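Listed here are the chains, written in short residue letters.
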Amino acid sequence: MMSLLSVRHLTTEFYSGGRWLEAVSDVSFDLRPGEILGLVGESGCGKSTIAYSVMRLLARNARISAGEVWLEDVNLTEASEDALQDLRGRRLSMIFQDPMTALDSLFTVGHQVVETLQEHLELEPPAARERALALLRQVGIPAAEERFGAYPYQFSGGMSQRIALAIAISCHPQVLIADEPTTALDVTIQAQILHLIRRLLVEEQGAGVLLITHDLGVVAQVCDRVAVMYAGKIVEFGTVDSIFGEPLHPYTQALLNSLPSQGIQRGALENIRGRVPSLDDRPAGCRFHPRCPHAAAICREEAPPLLQRANGQEVACVLYD
Amino acid sequence: MSAAHSWLGQLVARLRGWYAASRSAFVGGAIILVLVIMTATVSLYSPYKPEAMDFMAPLSGPTGAHLLGTDNFGRDILTRVLYGYQISLAVALGSVGFGLAAGTTLGILAGYFGGSVDNIIMRPMDVLMAFPAIVLVVALTGFVGREISVMVLAVAVVYVPIFARVMRGSTLEVVNELYVEGARARGASHLRLMLRHILPNAIAPVLIQASILMGIAILLESALSFIGLGTQPPDPSLGLMLSEGRSFMQQAPWMVMVPGLAISITVLGFNLLGNGLQDLLNPASRSAAANRSDDLGQRDEPVERASKVAQRTKEG
Amino acid sequence: MRLLRYIASRLVLLLPVLFGTSVLIFLLLRLIPGDPAQVILGLRATPERLVIVREELGLDLPVHLQYGQWLGKVLQGDLGKDYRSNEAVTALLGVRLPVTIQLTLMSLALAILIAVPLGIRAAIKPGGLADRLSMLLGLFGISIPDFWLGIMLILLFSLGLRMFPSSGYVRIDEDLIGNLRSFFLPALTLAVGLSAVLVRVTRSAVLEVLELDFVKFLRAKGLRERLVIYQHVLRNASIPIVTVIGLQFGYLLGGAVIVEEVFSLPGVGRLIVSYTLERNYPVVQAGMLMVAFLFILVNLATDVIYALINPKIRGAGT
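Residues numbered from 1 in each chain as written. Chains lettered and ligands numbered in written order. Predicted model: local features only at pLDDT ≥ 70, side-chain atom pairs only at ≥ 80, totals over all residues.

Q: Explain the overall build of chain B here, please?
A: Across its full length, chain B carries 14 helices and zero strands. Split into buried and exposed, the 316 residues of chain B put 48% on the buried side. Across chain B, contacts joining residues at least 24 apart in sequence account for 71% of those joining residues at least 6 apart. (Helix = DSSP H or I, 4+ residues; strand = E, 2+ residues; numbered from the N terminus. Buried ≥ 20, exposed ≤ 12 C-beta atoms within 10 Å, placed from the backbone. Contact = placed C-beta atoms within 7 Å.)

Q: I tried to follow the packing of helix α6 (residues 133-144) of chain B against helix α11 (residues 268-277) of chain C on my own but got confused; where do I start?
A: Helix-helix packing is described using two parameters, namely the angle between the two axes and the distance between the axes. With their axes 9 Å apart at the nearest point, α6(B) and α11(C) run at an angle of 15° to one another. Viewed along their axes, α6(B) and α11(C) adopt a mutual orientation that is roughly parallel. As α6(B) packs across α11(C), the resulting crossing turns out to be right-handed. On α11(C), the residues touching Val135(B), Val138(B), Ala139(B), Gly142(B) and Phe143(B) of α6(B) are Ile272(C), Val273(C), Thr276(C) and Leu277(C). Looking at the contact of α6(B) with α11(C) residue by residue, the class counts come to seven nonpolar, two polar and no charged. (Axes fitted to C-alpha atoms, helices over the stretch in contact; angles between N-to-C directions. Parallel < 35°, antiparallel > 145°, perpendicular 65-115°, else oblique. Left-handed = near helix turned anticlockwise from the far one by under 90°. Nonpolar A, V, L, I, M, F, W, Y, C, P; charged D, E, K, R; others polar.)

Q: Sorry if this is basic, but what is going on with helix α11 (residues 250-257) of chain A here?
A: Think of an α-helix as turning once every 3.6 residues; residues three or four places apart then point the same way. Three or more residues of α11(A) are buried, namely Pro250(A), Tyr251(A), Thr252(A) and Leu255(A). As for α11(A), its buried residues are in contact with α9 (216-222), β9 (225-230), β10 (233-239) and α10 (240-245) of chain A.

Q: Would you mind going over the sheet that holds strand β1 (residues 5-16) of chain A with me for this structure?
A: What links the strands of a sheet is backbone hydrogen bonding, and the strands pair in either a parallel or an antiparallel sense. Residues and elements named next belong to chain A. Taken together, four strands build an open sheet; the order of strands is β2-β1-β4-β5 and the sheet is antiparallel. At either margin of the open sheet sits one strand with a lone partner, and together these are β2 (19-31) and β5 (74-75). Packing of helix α1 (residues 47-55) onto the sheet brings it into contact with β1, β2 and β4 (62-71), and relative to β1 it is tilted by some 110°. (Pairing = 2+ DSSP bridges.)

Q: Can you walk me through the interface of chain C and chain B in this structure?
A: Reports of interface size often rely on the accessible area that becomes lost once the parts have come together. At the junction of the two partners, chain C supplies 55 residues and chain B supplies 46 residues. Sorting elements by how many residues they give to the side of chain C that touches chain B places helix α10 (residues 225-262) of chain C first, with 14 residues.

Q: For this particular structure, what's the right way to read the pairing of strand β7 (residues 175-179) of chain A?
A: The side chains of a regular strand alternate between the sheet's two faces. All names here are of chain A. Among the five residues of β7, five are classified as buried, and the element is accordingly described as predominantly covered. A two-sided burial pattern is seen for β7, the buried positions comprising Val 175, Ile 177 and Asp 179 on one face and Leu 176 and Ala 178 on the other. Pairing analysis gives four bridges linking strand β6 (residues 92-95) to β7, with the strands arranged parallel. Looking across to β7, one finds that Ile 95 is bridged to Ala 178. As paired strands, β7 and strand β8 (residues 208-213) are joined by five bridges and run parallel to one another. Counted as the bridge partner of Val 175 is Gly 208 from β8. Taking the sense of rotation as the criterion, the β-α-β connection linking β7, helix α8 (residues 187-205) and β8 turns out right-handed. (Right-handed = clockwise from strand over helix to strand, strands pointing away.)

Q: Is there a simple way to think about the confidence of the model for chain B in this case?
A: Interpreting fine coordinate detail is not advised for predicted regions of low pLDDT. Residues and elements named next belong to chain B. Here chain B averages 80 in pLDDT, and 87% of its residues register 70 or above. At the low end of the mean pLDDT range in chain B sits helix α14 (residues 300-313), at 38; at the high end sits helix α4 (residues 77-113), at 92. Interface confidence for the predicted complex, given as ipTM, is 0.89, next to a pTM of 0.82. (pLDDT = per-residue confidence, 0-100.)

Q: Looking at this structure, how should I read the interface of chain A and chain C?
A: Listed by partner, the interface residues are 27 residues for chain A and 20 residues for chain C. Going through the elements one at a time, α2 (81-87), β6, α3 (99-102), α4 (109-121) and α7 (157-169) of chain A are the ones with two or more residues in the side of chain A that touches chain C. Among the residues making up the side of chain A that touches chain C, the classes are represented as 13 nonpolar, seven polar and seven charged.

Q: Could you clarify how one ought to interpret the environment of Ser143(C) in this entry?
A: Looking at the secondary structure, you find Ser143(C) in the loop between α6 (129-140) and α7 (146-160). Judged by the 23 C-beta atoms lying within 10 Å of it, Ser143(C) falls in the buried class. For the pair formed by Ser143(C) and Ala196(C), sequence separation is 53 residues and the distance between their alpha carbons is 9.5 Å. The residues touching Ser143(C), leaving out its near neighbours within four places in the chain, are Ser264(B), Val267(B), Leu268(B) and Asn271(B).

Q: What exactly am I supposed to notice about unusual backbone geometry here?
A: When glycine is set aside, most residues are seen to have a negative phi, and most peptide bonds are trans. All names here are of chain A. Positioned with a positive phi, His 9 is a non-glycine residue whose angle comes to about 50°. Considering the arrangement of structural elements, one finds His 9 in strand β1. The backbone phi angle of Glu 72 is positive, close to 50°, even though this residue is not glycine. Position of Glu 72 relative to the elements: it lies in the loop between β4 and β5. Taking the C-beta count within 10 Å as the criterion, Glu 72 has 13 such neighbours and is therefore assigned partly exposed.

Q: Even after reading the chapter, I still don't get the sheet that holds β8(A), so can you show me in this structure?
A: Residue and element names in this part refer to chain A. Judged by pairing direction, the sheet is mixed, and its eight strands sit side by side in the order β6-β7-β8-β3-β9-β10-β12-β11 without closing on themselves. In this open sheet, the two edge strands, each paired with only one partner strand, are β6 and β11 (307-308). Bridge count for β11 against strand β12 (residues 314-315) is two bridges, and the pairing is antiparallel. Paired with Gln 308 across the two strands is Glu 314, which belongs to β12.

Written out as structure tokens, the structure reads:
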């Protein structure tokens, strides 16, 4: 199947304490048109770093040290700053965790939608305004006409995230990266935003969405496939059904076991014994072995590769060799 | 021999350590130390008296006999600069000393008691701060008299509200700390709390401020003397030398260059020291400012932060 | 409407400060030794004449009544008379004030032109050339006394290169170019100190804003970097910058005292210095009141600018 976004052997490092530390190690995956791919893991596992690597918006002290990211036929890892600026917002968009700080508080929300449209689509001001209003209505801002000139502080978190989404989809991007888009919101609002993303991007436009979250509940709600990350690596990859039905990797199993049976709760991932290793303290071999109930001697020495199983699920664990 | 060696080695190691800790503070401190020593001992090594006129060599450029030249009366400029520093430093020390003592007291009281005590102390301070320092100092010295003691007091009057503000701010930061609460719970008196528990923990920003204000006091003293309201001739003062030199600046540009450079170097020294101390004593100051609140307090926060920067850098 | 109400609320806060300054100015000049009657009459004054003059000036009244009289007149626009020439002080100030205002405004403009672009570039590329330049400016600009800088500029540009006049004042309505030329060096002298402070504030404010989430989002939506920096980041960084400009305006007014002296410009600063020396109370009082008034006015202006920059302040003012 063709892929929109192809991440190949991506390795990203941070400079800290006088040396470069790997935050993301040799990660590969494909995002297909019309799917929502979940990227799930505890905080610090490198999932947001993947997002910023793809967007090429890494902090000053971070760099992509190996691998490639392709957006269809464009190699993002080698694109010029100008080319990237043109791609971002037009073919490749992103929304963030905290919608209240993602908008510039000194400009009206209308302006912030309009400036995006004008940057990429060369619209005349009246046309841009019309289109911006339509977008605000599309994402469900009530009385969009009146609220066009309002400032971000006059909106709630949920409304702000809708506005951010309107901006992100304004130029019909092929790929949307959503970095914990609902973490800061109430549960009911969460579901509304997720369904909005599915409807507007996936169903109406056939775009691909990379949804980054630490919340398995979110994954179960909207994702088609999911990659489970641990300490900078993908440990298991498959469809939501297969992974929730038959988790293979001990880490995935632990994650699912930590969910309360009757419902889904946030923050539950922290219930696994032990701690996520920090960047400068990653164990040799399989990075999960110090916390793994099935750890054997070989796990301390060899890092297992991500291999495909018969059912199409991929897993990186010696238990399945 | 080896004992001397190890002693020297230790000294060098210690100096290196200081230099590594803060280059800025080290260089600033070194400049000030050298100037103070040279100034304090000038009568021991200078072949000239500051008022001694050499009628054979008026307006002489730099020569072997007069390293930085002479003025229109043939007085040795280097000697006069070094004697001039004595007055500058005396005014700076005196005014910062008075300002610091009074301002710190007022600031700690305002911050500790808060409420109406705070208002009674700080509102007049606001009024005092509404005046450009130099205008206040000009008025005070102009009317009261042109003696060094008046200059010291006038500059001190300008400094009191600055010190009070800084001390109040840093008192507010520590007054609710656990160790203060603990001492309070053990029944410590107000005075004891302020002197033993708050003062030592809140004084650092005041000392940084003091270093910067030393430099500004030197600027103020020379400015006053320059416009004729400070040190009077024939006493050697850097500002006065500059104003006297203006009439000769085409024939003898060193008459205006040397004293101006002398002032700049000193002030630079104090500013470097102050900046260095800022980094050493308060490394969190920069990252702490990065936390931006999003409530209505947003307005006051950058304002206060900016005013801190402003105070730190220049009071005029 | 909202803005007007906001301005009114700020004004209410500033009035007590203005009142306080007027009391301070008045007391300052009354409580320190010196007898204006003696100044007017000179050393040959007889005790009888002294008493008469004091009565004429109202100096025999208790201080608070004197203050009331003075304030009453000030509020009617009567700032008193020059002891020596018997001229109205308002007329004197009418001539002097424009000079000081032009000087301070020009140096403010110069300082902003120098410091803000430099500070922004320094923040965008830490460790780069602009950053190093801004560090140097920030350090030397506040260490060099302005009167010396003025003299050095005269030495270089007036006496050396003969590009600008070394002193003197050309009225703006006589000859605009000549006027600007006569103000350029003094304004530059004053601007250096201010730009030293401003460049540091701009740099740190921009650095701080660059770290905020909304900047990431602006970049993620593909806005060109020029707009990100000069429209969004700069506007967000401008509150501390404006604050410092407001606070530093006092520095400009103070510096004007010295710089007017160096360049022989007939402004309020020089007026205060020379009339202080001859103990001409009404003139000095009025001059200081004007300086304080200007300072407070600028503070009000900064408050208004805050409100224009930040919609939240506008909203909260009501």
